[in-house]
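One-letter residues, chain by chain:
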Amino acid sequence: MREPHGNASIGKMVRATVLLVSVLAVIALGEEAAPRTLLSESFESAPMAPWQHIWGEAANSTEQSHEGRQSLKCTVENKYGMSVHYRDLPAKAGATYILSASLFIPWQDKTCFPQLQLCNVNWGVKAQATPVEKGEWENLRCRWTNTENLKTIRVALHDNCRQAGAGGAAYFWDDVELTEEGGISVTPGERGQNPDVISGLEVRPSGGMQVAVTAGKARVLGREVSVAETTLDIAPPQMLGITDEATTLTDEVPVSFGKGTALVQCLGSGPTLPCLEPGSIVVKEKPGGPGGLVYEQGRDWRTDGTWGRLGRLPEGRIQSGRKVYIDYRIHLMRVDTLCIDPTGRVSLRQGDSQRVCPSIPAADYGSLALCRIFIDYGCRAITEKEIYPVGEDYPQPDVDFLSVQRARVAKTRKKLEQGQDVTLVAWGDSVTAGGEASRPELRFADAFVQALRYKYPNARIKFINAGRGGWTTSRSLPLFADDVLKYKPDLVTMEFVNDMGLDAQTVRRNWSEAIDRVRAIGGESIVITPHFEMPMRMNFPGNGTPETRPNVEVLRKISEEKQVALADASKRWEHLITEGIPYPVHLHNGINHPDDFGHALFVEELMRLF
């Protein structure tokens, strides 16, 4: 017996706003993970993520509903007798997927043949369920285990009539749900497992600048290929020699990346980079070869040898304001990609060498990217930390968890959907202000607003960027009324990577005050956890581990306590190592400013809420 419309709607709303503890809990090693809801669609409003439709028409309808007030009405087109409504989702190797949906086929003159299907992206059916009833709602259910290591699974609400002249046949779908259980998974911050590897193919250090690939099998272009054990030589990092760089040394004590006279070729987009070859600095009285005085370190000049910064010793032989000439060497960084071609041959694609942000070479056409090798400054031997298997894509958030986060910006979403005026303020530090995006429109705050304008073309969005380079919330809060509140924002995004150096009590106090003040004027807030900074600032022993900064967890707790939306960019950056991406290559200044890719990750997390 069906529930009355009102009770059913309340039931759906409650289910959609339940926050599963399993999403936030740390699952102990060895425990089985509970089934995870990847898709839960009731067609009561705009979908949480877009479906695609081909042939015929599909639209939310009040003519029939299983629960609630609406369902999806699909109408078959006439020429081919087809209608397909579908959605692609990331898949895990070895995971089991259970797809269920309710279907209503009315009594009608036309004949239709709807089916519930799990397919690959080329429409190869992996599992399906076919109805047997007409005139009644029927529950369909199918199950499939990903033994093929597919990276994407397609949910299809599919009419398989394929008979010309069937146009006008209609049927209704409701309560589509897809769950995932098991599969290859890794602890956050750990290297991944390539889902296209069937057996073997471990990439291991083999001494010096060599790696060995064990024998095994992989899936390349959908076919199983055998791979023989292979050893590959990896080129050492490229080194550049600089001679006769003319400069004047300051009396300032050189410390870290900001104090002292910078070696020009060690400069990134602002601060210097830790790319200097240790012990390579030579400071001279004259340019060119022998004949001039060579000044002594510790007697005439001093340096922070990690960061390429120098200073004059006042008691030394270098007079104040005198020009000197410096020789030194710097290292570049690089990413290489190990590939397997359709014949099973292992090869290496060497990347370009850069001071920062080297590109990651794609696999050769038709080949499988097995893993990447990150050659950081001064790498002298390949160890485990340089090897990045190309693993799982970033998983979609749990649907119920995401529903909760979306509900926390419901007022803003409603105004956007209704085409009203919306004021958005981005409050933050230099990253919010735009460093180091290559163009203004690629700064995450600007790109987020542009994405909203694209999704909600009828809305009129006023945008204010209140990011201030180098500031923390402690410095920014006194100006909060002028920077933020005077605009009467509907939504405020909050990002401060600089707050990671504050004590937890200060972070809790500052962020809570900002959220309360926005709420007091009727606005909504989004807490953005920060991106990753350079490994030494994260206290990483290598180039990636689970998040180490205690204040990131403080921000997550504040989001829950204050019931404001969370865009967990830190979690997204934490997963890059699992995908085979060495995150330092996406720090444009080498320290704490993301490149365009890094800014796009913020937008990706923010748009999940809309």
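Analysis parameters
- Residues numbered from 1 in each chain as written.
- Predicted model: local features only at pLDDT ≥ 70, side-chain atom pairs only at ≥ 80, totals over all residues.
- Heavy atoms only, no water.
- Helix = DSSP H or I, 4+ residues; strand = E, 2+ residues; numbered from the N terminus.
- Buried < 20%, exposed > 50% of the residue type's maximum accessible area, 1.4 Å probe, protein only.
- Contact = heavy atoms within 4.5 Å.
- Lys, Arg positive; Asp, Glu negative; His and termini not counted.
- Charge placed at Lys NZ, Arg CZ, Asp CG, Glu CD.
- Core = buried A, V, L, I, M, F, W, Y, C linked by side-chain atoms within 4.5 Å.
- Pairing = 2+ DSSP bridges.
- Expected span 1.5 Å × (residues − 1).
- 1 Å grid on protein atoms, 1.4 Å probe; cavity = no way out; pocket = protein on both sides within 12 Å on 5 of 7 lines; lining within 4 Å.
- Points joined across faces, edges and corners; volume = space filled by probe spheres on them.
- Nonpolar A, V, L, I, M, F, W, Y, C, P; charged D, E, K, R; others polar.
- pLDDT = per-residue confidence, 0-100.
- Axes fitted to C-alpha atoms, helices over the stretch in contact; angles between N-to-C directions.
- Polar contact = N/O pair within 3.5 Å; in protein donor to acceptor, adjacent residues only side chain to side chain.
- Phe/Tyr/Trp six-rings, centres within 6.5 Å; stacked < 30°, edge-to-face > 60°.
- Lys NZ or Arg CZ within 6 Å of the ring centre and 35° of its normal.

### Digging into the overall build of the protein
- A count of helical and extended segments in the protein gives 13 helices and 33 strands.
- Taken along its principal axes, the extent of the C-alpha atoms in the protein is 100 × 65 × 45 Å.
- Burial status across the protein gives 53% buried among its 610 residues.
- For the protein, the share of sequence-separated contacts (at least 6 apart) that also reach a separation of at least 24 residues comes to 74%.
- Between the averaged position of the 68 positive side-chain charges in the protein and that of its 76 negative side-chain charges there is a distance of 4 Å.

### Side note on the nonpolar core
- Residues Leu118, Val155, Trp173, Val176 and Leu178 are the most contacted members of the largest nonpolar core, which totals 33 residues.
- Residue assignment for this core shows that the elements contributing at least two residues are β1 (36-41), β4 (71-75), β6 (96-104), β7 (114-119), β8 (125-129), β9 (137-145), β10 (152-159) and β11 (170-181).
- Counting 30 residues, the second largest nonpolar core, distinct from the first, contains Leu402, Leu416, Phe444 and Ala445.

### Topic: the pairing of strand β14 (residues 210-213)
- Pairing between strand β13 (residues 203-205) and β14: 3 bridges, direction antiparallel. Counted as the bridge partner of Arg204 is Ala212 from β14.
- Hairpin remark: β13 followed by β14, antiparallel, with 4 residues in the connecting loop; positive phi at Gly207, about 95°.

### Description of the environment of Val84
- Relative to the assigned elements, Val84 resides in strand β5 (residues 83-90).
- The exposure class of Val84 is buried, given its relative accessible area of 0%.
- A sequence separation of 31 residues divides Val84 from His53, and the C-alpha atoms of the two residues are 5.7 Å apart.

### With respect to unusual backbone geometry
- Following Gly435, the chain continues into Glu436 via a peptide bond in cis, with omega recorded as 0°.
- Inspection of the secondary structure puts Glu436 in the loop between α5 (430-433) and α6 (444-455).
- Although it is not a glycine, Asp175 sits at a positive phi angle of roughly 50°.
- The topology assignment puts Asp175 in strand β11.

### Looking at helix α11 (residues 550-562)
- Taking 1.5 Å per residue as the helical rise, α11 with its 13 residues ought to reach 18 Å, and the 19 Å between its terminal C-alpha atoms agrees with that figure.
- All of the buried residues in α11 are Asn551, Val552, Val554, Leu555, Arg556, Ile558 and Ser559.
- Taken together, the buried residues of α11 touch α3 (399-407), α9 (504-520), β32 (524-528), β33 (565-567) and α12 (569-574).
- Where α11 terminates, the next one or two residues include Gln563, which has phi positive at roughly 55°.

### What about empty space enclosed by the protein?
- Across all of its chains, the model carries 2 cavities of 30 Å³ or more by this definition.
- Pro90, Ala91, Lys92, Glu392 and Asp393 are the residues nearest the centre of the largest cavity, which is lined by 16 residues in total.
- Counted by class, the lining of the largest cavity contains 7 nonpolar, 3 polar and 6 charged residues.
- Computed from the structure, the second largest cavity encloses a volume of approximately 30 Å³.
- Every residue along the wall of the second largest cavity is listed here: Phe532, Gly544, Thr545, Trp573, Glu574, Leu576, Ile577 and Tyr583.
- Classifying every residue of the lining of the second largest cavity by side-chain character gives 5 nonpolar, 2 polar and 1 charged.

### Things to note about the confidence of the model for the protein
- When the pLDDT values of the protein are averaged, the result is 89; 93% of them are 70 or greater.
- This stretch, residues 1-33, has a pLDDT under 50; its non-local contacts, to residues over four places away or in other chains, come to 36 contacts.

### What about the sheet that holds strand β23 (residues 309-312)?
- Strand order across the open sheet formed by 3 strands is β19-β23-β22, with antiparallel pairing between neighbours. Unpaired on one side and paired on the other, β19 (261-262) and β22 (301-304) mark the two borders of the sheet.
- Relative to β23, β19 is paired through 2 bridges, and the arrangement is antiparallel. Looking at β23, one finds that Thr261 is bridged to Leu310.

### Points about the environment of Pro489
- Here Pro489 is to be found in the loop between α8 (480-483) and β31 (491-495).
- Measuring from C-alpha to C-alpha, the distance between Pro489 and Val449 comes to 14 Å, with 40 residues separating the pair along the chain.
- Excluding residues within four positions of it along the chain, Pro489 makes contact with Thr423, Val425, Val484, Ile521 and Gly523.

### Quick notes on the sheet that holds strand β27 (residues 368-375)
- On the basis of which strands lie adjacent, the open sheet formed by 4 strands has the order β26-β25-β27-β28 and antiparallel pairing. Looking at strand neighbours, the two that pair on one side only are β26 (346-349) and β28 (387-389), the edges of this open sheet. Going across the sheet, the axis of each strand differs from the next one's by a mean of 25°, ignoring polarity.
- Pairing of strand β25 (residues 334-340) with β27 involves 7 bridges; the strand directions are antiparallel. Along β27, the bridge assignment pairs Ile340 with Leu368.

### Let's talk about helix α13 (residues 596-607)
- Between its first and last C-alpha, α13 extends 16 Å over 12 residues, near the 16 Å set by a 1.5 Å rise per residue.
- Listed in full, the buried residues belonging to α13 are Gly598, His599, Leu601, Phe602, Val603, Glu605, Leu606 and Met607.
- At the N-terminal boundary of α13, the capping side chain belongs to Asp595, with an oxygen 3.2 Å from the backbone nitrogen of Phe597.

### A look at the packing of aromatic side chains
- Using the criterion set out here, one finds 17 aromatic pairs in the structure.
- Where Trp427 meets Phe480, the ring centres are 4.7 Å apart and the plane angle is 75°; that geometry is what we call edge-to-face. Linking Trp427 in strand β29 (residues 421-428) with Phe480 in helix α8, this pair joins segments that are 53 residues apart in sequence. For the pair shown, Trp427 and Phe480 are each scored as buried.
- Each ring, one from Phe448 and one from Phe610, has its centre 5.8 Å from the other, and the planes form 55°; the classification is tilted. Residue Phe448 is found in helix α6, and its partner Phe610 is found in the segment after α13; the two are separated by 162 residues along the sequence. The pair formed by Phe448 and Phe610 is uniform in burial state, with each residue classed as buried.
- Aromatic ring contacts, followed pair by pair, group Trp427, Phe480, Phe496 and Trp511 into a single cluster.
- Positioned above the aromatic ring of Tyr388, the side-chain terminus of Arg191 is 4.5 Å from the ring centre.
- Seen from the ring of Trp471, Arg468 lies directly overhead, with NZ or CZ sitting 4.7 Å from the centre.

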